[in-house]
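# Tertiary structure, described
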Amino acid sequence: MSKILPLNSELDLDRPNIEEYLPSGSIQEPHGKLRLHDLLNISPTLTEAAGAIIDDSFTRCFKSIPPEPWNWNVYLFPLWCLGVVVRYLILFPLRALVLTLGWIIFLSAYFPVHFLLKGHDKLREKLERFLVELICSFFVASWTGVVKYHGPRPSMRPKQVFVANHTSMIDFIILEQMTAFAVIMQKHPGWVGLLQGTILESVGSIWFNRSEAKDREIVAKKLRDHVQGADNNPLLIFPEGTCVNNHYTVMFKKGAFELGCTVCPIAIKYNKIFVDAFWNSRKQSFTMHLLQLMASWAVVCDVWYLEPQNLKPGETPIEFAERVRDIISVRAGLKKVPWDGYLKYSRPSPKHRERKQQNFAESVLRRLEENEI
């Protein structure tokens with residue numbers, strides 16, 4: 001048996017003595033079979049860890065996949081430089097002008113409608129819906145958005161909710177320019193939060209704070225009340241709860257599927273030929289994300305309004321959510337992964353770590369028992 005070498009340098013003083021972490025007598029050699037090397041063989045654990053690092057299907061859901069470079073030779077590089085000049089010095093100023101003009105038109109009409117027509121609720125709500133659709137159309141125009149819609153346009157009906165896969169906050173803008181949805185969304189800071197608290201509340205949108213547990217109960221009640229109203233705007237929910245890079249879909253939260261109403265799936269697929277529409281909120285503000293889109297050639301995407309779905313007899317809300325996710329994933333060509341998107345915002349539960357530690361301890365004890373036999 002190879003002996004444990006004695007400490008023979010100052011560096012060894014900081015090295016933990018593994019014998020202190022083992023049960024007394026565990027490193028003895030009954031019948032000359034058990035070895036310390038065999039007892040502490042953690043190669044299966046290391047193999048699993050290495051596999052998780054190499055094939056990390058969770059992290060890949062939230063990373064931009066850069067396109068293949070095409071300006072790699074002396075012939076193409078000048079064309080790429082010309083494209084940069086056109087996009088930043090010609091298209092970008094024109095698009096900024098279009099968006100500015102849109103805001104001027106919108107604000108000059110919205111505030112008079114909102115404050116002067118308070119006694120005429122029906123007319124005011126109708127005009128506010130139109131104006132919200134209008135400003136969203138200006139946003140899409142500022143990216144030279146090429147959006148193709150498939151299927152019947154959503155209508156205002158009670159007891160229905162629309163759910164869609166989520167790539168960026170522009171998903172809402174692209175859908176809103178066709179139909180004034182009431183959206184449920186995370187509360188954002190800055191100018192986006194200002195718009196949420198003023199303009200978008202006029203179409204019945206609902207905001208929540210992901211870190212506030214009490215918000216879940218409040219939001220759940222608002223959702224149930226909203227879907228019962230025949231005159232309320234269609235409710236739009238992104239059940240993934242976070243932005244995914246449009247290659248994958250993560251688990252759908254069950255809240256939208258336990259309201260007892262019809263669920264209308266919407267599939268959104270972006271063509272990355274000109275720009276990647278994925279918004280990584282940890283690395284980029286939404287303002288910079290919009291500027292990036294405005295400096296691209298165009299934003300190209302397809303939107304499918306799919307067949308409405310209802311809860312089947314004996315089906316749980318979680319199974320219902322997975323079935324709808326299947327429908328959206330197949331239509332948009334996205335890969336399903338069994339991850340909760342909220343793990344993006346929080347550390348893994350200690351239970352997962354403790355379970356791994358317990359499995360490793362059991363494997364060590366099992367080897368001890370096998371050796372005794």
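Residues numbered from 1 in each chain as written. Predicted model: local features only at pLDDT ≥ 70, side-chain atom pairs only at ≥ 80, totals over all residues. Heavy atoms only, no water.

## Observations concerning the packing of aromatic side chains
Quick reminder of the rule: Each pair of aromatic rings taken from Phe, Tyr and Trp, with Trp reduced to its six-membered ring, is defined by centres within 6.5 Å and is described as stacked if the planes are under 30 degrees apart, edge-to-face if over 60, and tilted in the remaining cases. Runs of H or I in DSSP of at least four residues are treated as helices and runs of E of at least two as strands, each being numbered from the N terminus. For each residue, the accessible area found with a 1.4 Å probe, counting protein chains only, is set against the maximum for its type, and the residue is called buried under 20%, exposed over 50%, and partly exposed in between.
Across all of its chains, the model carries 12 aromatic pairs by this definition. Both rings, one in Trp-103 and one in Phe-139, keep their centres 5.9 Å apart while their planes meet at 90°; by these two values the pair is edge-to-face. Linking Trp-103 in helix α3 (residues 76-116) with Phe-139 in helix α4 (residues 121-142), this pair joins segments that are 36 residues apart in sequence. The buried category is assigned to Phe-139, whose relative accessible area is 8%. Their ring planes at 80° and their centres at 5.4 Å tell us that Phe-257 and Phe-320 sit as a pair that is edge-to-face. Taken as a pair, Phe-257 in the loop between β6 (248-249) and β7 (262-271) and Phe-320 in helix α9 (residues 317-332) lie far apart in primary sequence, 63 residues in all.

## Side note on the side chain of Ser-202
Filter applied, for reference: Two N or O atoms count as a polar contact when they lie within 3.5 Å, although within protein this holds only if one can serve as hydrogen donor and the other as acceptor, and sequence-adjacent residues are included solely when both atoms are side-chain atoms. Only heavy atoms enter the contact rule, under which two residues are in contact if any of them lie within 4.5 Å.
With respect to the element layout, Ser-202 can be found in the loop between α6 (190-197) and β4 (206-208). A relative accessible area of 19% places Ser-202 in the buried class. Separated by 3.4 Å, the side chains of Ser-202 and Tyr-110 make a polar contact. Apart from the residues lying within four places of it in its own chain, the contact partners of Ser-202 are Tyr-110 and Glu-128.

## What to know about the packing of α3 against α4
To be explicit about the condition: Orientation is described by lines fitted to C-alpha atoms, with helices fitted over the stretch in contact, and by angles between N-to-C directions that extend from 0 to 180 degrees. With respect to orientation, any angle under 35 degrees is reported as roughly parallel, any angle over 145 as roughly antiparallel, any angle of 65 to 115 as roughly perpendicular, and every other angle as oblique. Note on residue classes: Ala, Val, Leu, Ile, Met, Phe, Trp, Tyr, Cys and Pro are nonpolar, Asp, Glu, Lys and Arg are charged, and everything else, Gly too, is polar.
Between α3 and α4, the shortest axis-to-axis distance is 9 Å and the interhelical angle comes to 170°. It follows that α3 is roughly antiparallel to α4 by the angle criterion. Packed against α3, whose contacting residues are Arg-95, Val-98, Leu-99, Gly-102, Trp-103, Ile-105, Phe-106, Ala-109, Tyr-110, Val-113 and His-114, the element α4 presents Arg-124, Leu-127, Glu-128, Leu-131, Val-132, Leu-134, Ile-135, Phe-138, Phe-139, Ala-141 and Ser-142 at the interface. Taken together, the residues of the contact of α3 with α4 break down into 16 nonpolar, 3 polar and 3 charged.

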